Amino acid sequence: MTGKEYCRYIRTYSQLEGLQRAHTLIYSARTVPGGVVVQLRQEQDGRVECSTVITPPGSFARVMQLLRYLWENSVGLQQWLEVLTDAGQPYCRAENPCGSEQNAAVQDESRCFCGIC
């Protein structure tokens, strides 16, 4: 791979008294040597929650489509991994705290994917 690829969608929600609290969802993906790091991040009231996965090398185009689907349909943290599974997108969970995406790129991705499957 000669260059890095990056994709990011942001959806903001307003405060609606009695209906919803103001918050932001950030859907992002970037290529790393071992695959594609995909993250959904939610920011609300100064708190940040995120979920990060790594998909196999060469899956960036498909991940971009999935991120757009997630963004257009306002899929949140509780459902996004189910959408990836239902869409047949293989992934491995990345154990990293929010804000330290570099840790996800460093982990040994080779244990996440079966080379024969």
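A quick note: this is a predicted structure, and the numbers were derived from the prediction, not measured. (Residues numbered from 1 in each chain as written. Predicted model: local features only at pLDDT ≥ 70, side-chain atom pairs only at ≥ 80, totals over all residues. Heavy atoms only, no water.)

## A word on the pairing of strand S2 (residues 23–32)
In regular strands, side chains alternate between the two faces of the sheet.
Right, on to step 1. With 10 of 10 residues buried, S2 lies mostly within the body of the structure.
Right, on to step 2. Here strand S1 (residues 6–13) pairs with S2 via eight bridges, running antiparallel. Looking across to S2, one finds that Tyr-9 is bridged to Tyr-27.
Right, on to step 3. Taken together, the nine bridges between S2 and strand S3 (residues 35–44) define a ladder with antiparallel strand orientation. Its bridge partner lying in S3, Thr-24 is registered against Glu-43.
Right, on to step 4. Where S2 folds back on S3, the antiparallel hairpin that results is connected by two residues. (Buried < 20%, exposed > 50% of the residue type's maximum accessible area, 1.4 Å probe, protein only. Helix = DSSP H or I, 4+ residues; strand = E, 2+ residues; numbered from the N terminus. Pairing = 2+ DSSP bridges.)

## Regarding the pattern of salt bridges
Right, on to step 1. Scanning the entire structure with this criterion turns up three salt bridges.
Right, on to step 2. Glu-72 is the partner of Arg-68 in a salt bridge, and the nearest nitrogen-oxygen pair spans 2.8 Å. With Arg-68 and Glu-72 both in helix H1 (residues 60–72) and four residues apart, this pair spans about one turn of that helix.
Right, on to step 3. With relative accessibility at 46%, the residue Arg-68 sits in the partly exposed group. (Salt bridge = Lys/Arg side-chain N within 4 Å of Asp/Glu carboxyl O.)

## Topic: the side chain of His-23
Right, on to step 1. As for its placement among the helices and strands, His-23 is situated in strand S2.
Right, on to step 2. Judged by relative accessible area, His-23 falls into the buried class, the value being 17%.
Right, on to step 3. Polar contacts involving the side chain of His-23 include one to the main-chain carbonyl oxygen of Arg-21, which spans 2.8 Å.
Right, on to step 4. Discounting chain neighbours no more than four positions away, the residues touching His-23 are Arg-11, Thr-12, Tyr-13, Gln-42, Glu-43 and Gln-44. (Polar contact = N/O pair within 3.5 Å; in protein donor to acceptor, adjacent residues only side chain to side chain. Contact = heavy atoms within 4.5 Å.)

## Comments concerning unusual backbone geometry
Right, on to step 1. Here the phi dihedral of Asp-45 falls at roughly 50°; this positive angle occurs in a residue that is not glycine.
Right, on to step 2. With respect to the helices and strands, Asp-45 occurs in the loop between S3 and strand S4 (47–55).
Right, on to step 3. The backbone of Ser-74 shows a phi angle near 50°, a positive value even though the residue is not glycine.
Right, on to step 4. One can find Ser-74 in the loop between H1 and helix H2 (80–86).
Right, on to step 5. Relative accessible area serves as the criterion here: at 34%, Ser-74 is assigned to the partly exposed category.

## Quick notes on the nonpolar core
Right, on to step 1. In this structure, Tyr-27, Ala-29, Val-38, Leu-67, Leu-70 and Trp-80 are the most contacted members of the largest nonpolar core, which totals 21 residues.
Right, on to step 2. Of all the elements, H1 adds the most residues to this core, at five residues. (Core = buried A, V, L, I, M, F, W, Y, C linked by side-chain atoms within 4.5 Å.)

## Section: empty space enclosed by the protein
Right, on to step 1. In this structure the tally under the stated criterion is one cavity of 30 Å³ or more.
Right, on to step 2. Around the largest cavity sit Val-38, Thr-55, Val-63, Leu-66, Leu-67, Leu-70, Trp-80 and Leu-84, which together line it.
Right, on to step 3. Put simply, the parts of the chain that give the lining of the largest cavity at least two residues each are H1 and H2.
Right, on to step 4. The dominant element in the lining of the largest cavity, judged by the number of residues it contributes, is H1, at four residues.
Right, on to step 5. Broken down by class, the residue content of the lining of the largest cavity amounts to seven nonpolar, one polar and no charged. (1 Å grid on protein atoms, 1.4 Å probe; cavity = no way out; pocket = protein on both sides within 12 Å on 5 of 7 lines; lining within 4 Å. Points joined across faces, edges and corners; volume = space filled by probe spheres on them. Nonpolar A, V, L, I, M, F, W, Y, C, P; charged D, E, K, R; others polar.)

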